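Breakdown of the fold
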Amino acid sequence: MISLFVAALAAAALPMTAPGPHGPLSGTLVDAGKAAPVVLIIPGSGPTDRDGNNPMGVTAAPYRLLAEALAASGVSTLRADKRGMFGSKSAIADPNAVTIADYAADAHEWAEALRERTGARCVWLLGHSEGGLIALAAAQQPQGICGLILVASPGRKLGAILREQLQANPANAPLLPQALAAIGSLEAGNAVDVAGLPVPLLALFRPQVQPFLIDLLKQDPRALVARTTMPVLIVQGGKDLQVSAADADALHRARPDSQLLVVPKMNHVLKDVERDDRGSNLAVYADPSLPVDTILVGEIARFVRR
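Here we summarise the structure given alongside this text. (Residues numbered from 1 in each chain as written. Predicted model: local features only at pLDDT ≥ 70, side-chain atom pairs only at ≥ 80, totals over all residues. Heavy atoms only, no water.)

**Comments concerning empty space enclosed by the protein**
- Counted according to the given criterion, the structure contains one cavity of 30 Å³ or more.
- In this structure, the largest cavity occupies an estimated 150 Å³ of space.
- In terms of lining, the largest cavity is formed by 14 residues, of which the most central are I42, P43, Y103, D106 and W110.
- Broken down by secondary-structure element, the contributors of at least two residues to the lining of the largest cavity are strand 3 (38–42) and helix 3 (100–118).
- Looking at which element gives the most residues to the lining of the largest cavity, the answer is helix 3, with four residues.
- Tallied by class, the residues present in the lining of the largest cavity amount to 10 nonpolar, no polar and four charged. (1 Å grid on protein atoms, 1.4 Å probe; cavity = no way out; pocket = protein on both sides within 12 Å on 5 of 7 lines; lining within 4 Å. Points joined across faces, edges and corners; volume = space filled by probe spheres on them. Helix = DSSP H or I, 4+ residues; strand = E, 2+ residues; numbered from the N terminus. Nonpolar A, V, L, I, M, F, W, Y, C, P; charged D, E, K, R; others polar.)

What follows is the structure in structure tokens.
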């Protein structure tokens, strides 16, 4: 217990920047020491900040807690704000004017900055949820990247996952015809007229994000992971409401030599859920007092130190 406390004190959280398109990208480095492996945490969808919080109801701080837990296991991390958002606000004027390729370019900027700052030969990319797609896109240019950790990452095109998510909640039944039609339109590369959409769907399909959604829905994670040769760890939570075991299995089949880890009690925000009901699971999204799953931490540390 004392050794973990000392390690946490030694691994102070330090501000760090990397070059962005028009201004700096901003993040937090937790440095576990000179010889420590370095992990770049790439956040999930929407306005998710470097700690893993989101103004749409996620305050569980999963990335901050993961970084602190990994530091206690001798692993350094960098968690960052996306271009145009939060501390990286000055990087671009419009945070919606992005593509997966743009975010992948930012991952490479961070990897290069981290190699210079820490002396590491290469950097591990940990992509959570949509961040897994960004990690896979960045890995198509493998220079400076040690390997990939894909946590709750899509293994199928996003259209299929969006349909599943919408259909899984019975309350969405009245909205499904219009929601499914909108997804189909975006998959075909066409903008959606939001004039007749119900209010609950406006946040998902608002005009400002439709160009990004069109790009996002084109991405094929199975093809991307199949083209990589670096080490890959695929992690799936047994109680994830947003990304299913089918996605982890699809990624693993595309890269049969990858490592697949299923964490039975872990949900989408990387924390354990004891009960099976949806309400208990969602309540964890707003609880920063709960630690991230210990199996997750131990297996990531083992993977990057091997």
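**Some words on the packing of helix 5 (residues 158–168) against helix 6 (residues 176–187)**
- At a closest axis distance of 10 Å, the pairing of helix 5 and helix 6 adopts a crossing angle of 170 degrees. Classified by the angle their axes make, helix 5 and helix 6 are roughly antiparallel. Seen from helix 5, the contacting residues are G159, A160, L162, R163, L166 and Q167; seen from helix 6, they are L176, A179, L180, I183, G184 and E187.
- Across the contact of helix 5 with helix 6, the residue classes break down as seven nonpolar, three polar and two charged. (Axes fitted to C-alpha atoms, helices over the stretch in contact; angles between N-to-C directions. Parallel < 35°, antiparallel > 145°, perpendicular 65-115°, else oblique. Contact = heavy atoms within 4.5 Å.)

**Some thoughts on the packing of helix 6 against helix 8 (residues 210–218)**
- Two elements in contact, helix 6 and helix 8, have axes whose closest approach is 8 Å; the angle formed by their N-to-C orientations is 75 degrees. Considering the angle they form, helix 6 stands roughly perpendicular to helix 8. Note on element contacts: helix 8 touches helix 6 through Q210, L213, I214 and L217, opposite I183, L186 and E187.
- Each residue belonging to the contact of helix 6 with helix 8 can be placed in one class, and the counts come to five nonpolar, one polar and one charged.

**Remarks on the environment of P15**
- Relative to the helices and strands, P15 is located in strand 1 (residues 13–18).
- With a relative accessible area of 69%, P15 lands in the exposed category.
- In this view, P15 contacts G27 and R117; residues no more than four positions away in its chain are not counted. (Buried < 20%, exposed > 50% of the residue type's maximum accessible area, 1.4 Å probe, protein only.)

**Considering helix 3**
- Counted at 1.5 Å a residue, the expected span for helix 3 with its 19 residues is 27 Å, and the 27 Å between its end C-alpha atoms agrees.
- Every buried residue of helix 3 is listed here: I100, Y103, A104, D106, A107, W110, A111, A113, L114 and T118.
- At the C-terminal side of helix 3, G119 shows a positive phi close to 80 degrees. (Expected span 1.5 Å × (residues − 1).)

**Some points on the side chain of D240**
- Take D240: it is sitting in the loop between strand 7 (232–237) and helix 10 (245–254).
- For the buried D240, no salt bridge is present, and the opposite-charge side chain at shortest range is R278, 9.3 Å distant.
- Among the polar contacts listed, one links the side chain of D240 to the side chain of H268, at a separation of 2.9 Å.
- Ignoring anything within four residues of it in the chain, the contact list for D240 reads A152, M266, N267 and H268. (Lys, Arg positive; Asp, Glu negative; His and termini not counted. Salt bridge = Lys/Arg side-chain N within 4 Å of Asp/Glu carboxyl O. Polar contact = N/O pair within 3.5 Å; in protein donor to acceptor, adjacent residues only side chain to side chain.)

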